[in-house]
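What follows is each chain in one-letter form.
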Amino acid sequence: MKLLEKALKLTDTALVRYGSLGASALLMLVGAYLALVWSPAAAGETAVYRIVYFHVPTAIMAYLGFFVTFAGSFLFLWRKDMLFDRVAKIGAELGVVFCGLMLVTGMIWGKQRWGAWWIWEPRLTTALILLIIYAGYLMLRSTIDNQMTRARYAAVFGIVGFLDVPVVHFAIKMWGSIMHPVVIKSMADPGMPPEMINTLRVCMLAFGVLFAVLFLLRLRVETLALEIAALRSNHEE
Amino acid sequence: MNEILRTAHALLIKDMKTEFRSREFLGHTFMFALLVIVIFNFAFKINPQNTPELASGILWIAFLFAGTLGLGRSFLIEKENDCIQGLGLSPVDRTAIFIAKFLGNLLFLVIIQVMTIPVFIVLYNLNVMEHFTLQTAVFLLGDIGFMTLGTLIAAMSVNLKAREILLPVLLLPLLVPLLIFAASATSILLTGGEPDAYMGRLKLLAAYDVIFFVVSALVFEYIMDEL
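Please read these numbers as outputs of a predicted model, since none were measured by experiment.

Undergrad: Is there a simple way to explain the overall build of chain B in this structure?
TA: Across its full length, chain B holds nine helices and zero strands. Helices and strands in chain B line up, N terminus first, as α-α-α-α-α-α-α-α-α. Its C-alpha atoms give chain B a radius of gyration of 18 Å, near enough to 17 Å, the size a compact globule of 227 residues would have. The principal-axis extents of the C-alpha atoms in chain B amount to approximately 55 × 35 × 30 Å. Within chain B, the fraction of its 227 residues that count as buried is 43%. In chain B, of all internal contacts separated by at least 6 residues, the share reaching a separation of at least 24 is 82%.

As C-alpha cells, then:
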C-alpha cells in the first residue's frame, strides 16, 4: 500500500507520466519487430502463428487484471480504504480490455487454423464468460451513485466473481474439449527455438509494462477525480 | 448458532405468511415456467427421439428463469413500507437474514419444480423422475447453489436503478458452472449414462454449493449494511 502511494506520487511529475508511456510504446515496438520480423517461421505454421506473441501476453494481463480486482476488493472490505476500491475498479477495466484483445487475437488465429472465428472450446468459452462477468462488474459500478454502497457491492461481486473463475474453467473443460494449443508446457523444455522464447519474453515484458503504466495513470485519474468532487462539494457548501 | 437458526426460522415464517396471503406470485411464476417449457417445444421441434437429450436443458433453463423472477421479488417485498430498514435495524445476526431469505427462495423454487415437473412429464411424454432419488438429489443440490448466489445478488440488485436487468446479467454468468454440472447430471440419468459420471457431477455440485454458501454468508453483511 505504501509502495502504491509512492508510485502514485511519482506520476505527479509530467516527465514520469510521458516518459513511462514513451518507454512502454518503445518496448511494444521492439516486441512487434521481434515478433513480426526477427522471429523465425514456425514449422508447419503459416505466418498467422506470430499472433501468439500478442495473444499469450494479453491473456496473462487479462487474468492479472481480474486478480487485481479480487485483491483490491478483498483489501477494501478488510481495510476500508477507498484506494483499494479504485484499484479493484481499474483491475476490472484493464482485465476487460485485455480479455477482449485476447479473444480477438485468438479468433484471428482460429479463423486460420480452425477455419472458424469461434469454437466452443474450453479456454475460449471460459474467457468469454469471464468477460461477461467483469463487464457485469463494471455495469454494477456504473448504476450506483453512492460511493460507499458502490465500493461495497462491487467488492462483494469482485470476490464472488473471482472465486468463480477456476470453477468456470473446470466446468467448461468437463463440458467439452477441443484441442487448444498449449504453447509452452514447461519452462525447462519449452519445445521451441530460443529466438521464439526470447521474443515471447520481450512481448510479455512490453505488455507487463503497458499494464503497469495504464494502471498507475488510471489510478491517478480516479484519485484526482475524487479530489475534485470533494473540493466541489466543499465549495458548494 | 442456535440463536441464528431461531432468528432465521422466525424470518422465514414471516416471509411465508406474507407470500401465502397473496399466493398470486407463485401462480404467476408457475405460469411462466410452464410457458418456457411450451415455447421450447416450438423452438426445438421436439420429437420422441430427441426428447431425452434436450429435456434436461429445457427443464434447467425453465427453472433458472423462473427462479430468477422469484429472487427479484424476495428483497423487493421488503422495500414496501421500508420494511428493509426495520430488518436492518433489528439486532439480529446478518447471517440469519441471509439464511432465512435463502431458505425462502429455495422453498419457492422447489414448489415451482414440484408443480412444473409433472406437467413436463405429461407434455413431453418422458418420465424425468424415473430415478426418483437420484434426480431429486440433482435438483436439490442445483437449487441450493442457485439460490445461494441468487440471494446474494438479489440483495445487491434490489437498490439498483436497473434491477430487473442487472439481477440476471450479474447472476447467470456466475451460474454457468452450476448449470453445466446440474444439466449434465440430469441428462446422464435420462439417457442412461455412466453412474460414475453422475456421481462425479453430484460431488462437484455439492462442492460448488459449499464454497459459495460459505462465501455468500460471510460477505452478506456488507450488502445488508447498505440496504
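That was the structure; now back to the text.
Undergrad: Sorry, what's going on with the overall build of chain A here?
TA: For chain A, the helix and strand inventory stands at seven helices and zero strands. Start at the N end of chain A and walk to the C end: the helices and strands fall as α-α-α-α-α-α-α. Here the C-alpha coordinates of chain A stretch approximately 70 × 45 × 30 Å along the principal axes. Expressed as a percentage of its 237 residues, the buried residues of chain A come to 34%. Across chain A, every contact between residues at least 6 apart in sequence was considered, and the portion connecting residues at least 24 apart equals 78%.

Undergrad: Any chance you could explain the interface of chain A and chain B here in plain terms?
TA: By a widespread convention, an interface's size corresponds to the accessible area lost as its parts come together. Between chain A and chain B, the residue contacts involve 26 residues of the former and 22 residues of the latter. At the level of secondary structure, the elements contributing two or more residues to the side of chain A that touches chain B comprise α5 (122–143) and α6 (147–175) of chain A. Top contributing element to the side of chain A that touches chain B by residue count: α6(A), with 17 residues. A class-by-class count of the residues in the side of chain A that touches chain B yields 20 nonpolar, four polar and two charged.

Undergrad: In this structure, what is going on with unusual backbone geometry? I would like to understand it.
TA: Negative phi characterises most residues that are not glycine, and trans characterises most peptide bonds. Residues and elements named next belong to chain A. Within the chain, lysine 80 stands out as a residue other than glycine whose phi angle is a positive 60°. Looking at the element boundaries, lysine 80 is found in the loop between α3 (52–79) and α4 (82–113). Taking the C-beta count within 10 Å as the criterion, lysine 80 has 12 such neighbours and is therefore assigned exposed.

Undergrad: What is the right way to read the confidence of the model for chain B from this model?
TA: Residues shown with low pLDDT carry predicted positions that ought not to be read at fine detail. All names here are of chain B. Averaged over all residues, the pLDDT of chain B is 88; the fraction at 70 or higher stands at 100%. The spread of mean pLDDT over the elements of chain B runs between helix α4 (residues 83–89), the lowest at 80, and helix α6 (residues 132–157), the highest at 92. Interface predicted TM-score (ipTM) for the complex: 0.86; the corresponding pTM is 0.87.

Undergrad: Is there a simple way to think about the packing of α6(A) against helix α9 (residues 195–224) of chain B in this case?
TA: Running from amino to carboxyl end, α6(A) crosses α9(B) at an angle of 170°, the nearest separation of the two axes being 10 Å. Relative to α9(B), α6(A) is oriented roughly antiparallel. Contact residues: A:Arg152, A:Tyr153, A:Ala155, A:Val156, A:Ile159, A:Val160, A:Leu163 and A:Val167 in α6(A); B:Tyr208, B:Ile211, B:Val215, B:Val219, B:Tyr222 and B:Ile223 in α9(B). Looking at the contact of α6(A) with α9(B) residue by residue, the class counts come to 13 nonpolar, no polar and one charged.

Undergrad: Can you help me understand helix α7 (residues 194–236) of chain A in this one?
TA: Side chains of residues three or four places apart in an α-helix project in the same direction, reflecting 3.6 residues per turn. An ideal rise of 1.5 Å per residue puts 63 Å on 43 residues; α7(A) measures up with 63 Å between its terminal C-alpha atoms. What α7(A) keeps buried is the set A:Met196, A:Thr199, A:Leu200, A:Val202, A:Cys203, A:Ala206, A:Phe207, A:Leu210, A:Phe211, A:Val213, A:Leu214 and A:Phe215.

Undergrad: Teacher, can you tell me more about the packing of helix α5 (residues 94–124) of chain B against α9(B) here?
TA: Between two packed helices, the angle of one axis relative to the other and the distance separating the axes together describe the packing. Residue and element names in this part refer to chain B. Their axes nearest at 9 Å, the elements α5 and α9 cross at an angle of 105°. It follows that α5 is roughly perpendicular to α9 by the angle criterion. Residues Arg94, Thr95, Ile97 and Phe98 of α5 lie in contact with α9, whose contacting residues are Ser216, Ala217, Phe220, Glu221 and Met224. Residue composition of the contact of α5 with α9, grouped by class: five nonpolar, two polar and two charged.

Undergrad: Help me out: how do you make sense of the environment of A:Ala135 in this one?
TA: Inspection of the secondary structure assignment puts A:Ala135 in helix α5. Note: C-alpha distance between A:Ala135 and A:Glu222 (87 residues apart in sequence) is 19 Å.

Undergrad: Is there a simple way to explain α3(A) in this structure?
TA: Between the first and last C-alpha of α3(A) there are 40 Å, a value that for 28 residues agrees with the 40 Å anticipated at 1.5 Å per step. Looking at the residues trailing α3(A), positive phi occurs at A:Lys80, about 60°.

Conventions we followed
- Residues numbered from 1 in each chain as written.
- Chains lettered and ligands numbered in written order.
- Predicted model: local features only at pLDDT ≥ 70, side-chain atom pairs only at ≥ 80, totals over all residues.
- Helix = DSSP H or I, 4+ residues; strand = E, 2+ residues; numbered from the N terminus.
- Rg over C-alpha atoms; globule rule 2.2 N^0.38 Å.
- Buried ≥ 20, exposed ≤ 12 C-beta atoms within 10 Å, placed from the backbone.
- Contact = placed C-beta atoms within 7 Å.
- Nonpolar A, V, L, I, M, F, W, Y, C, P; charged D, E, K, R; others polar.
- pLDDT = per-residue confidence, 0-100.
- Axes fitted to C-alpha atoms, helices over the stretch in contact; angles between N-to-C directions.
- Parallel < 35°, antiparallel > 145°, perpendicular 65-115°, else oblique.
- Expected span 1.5 Å × (residues − 1).

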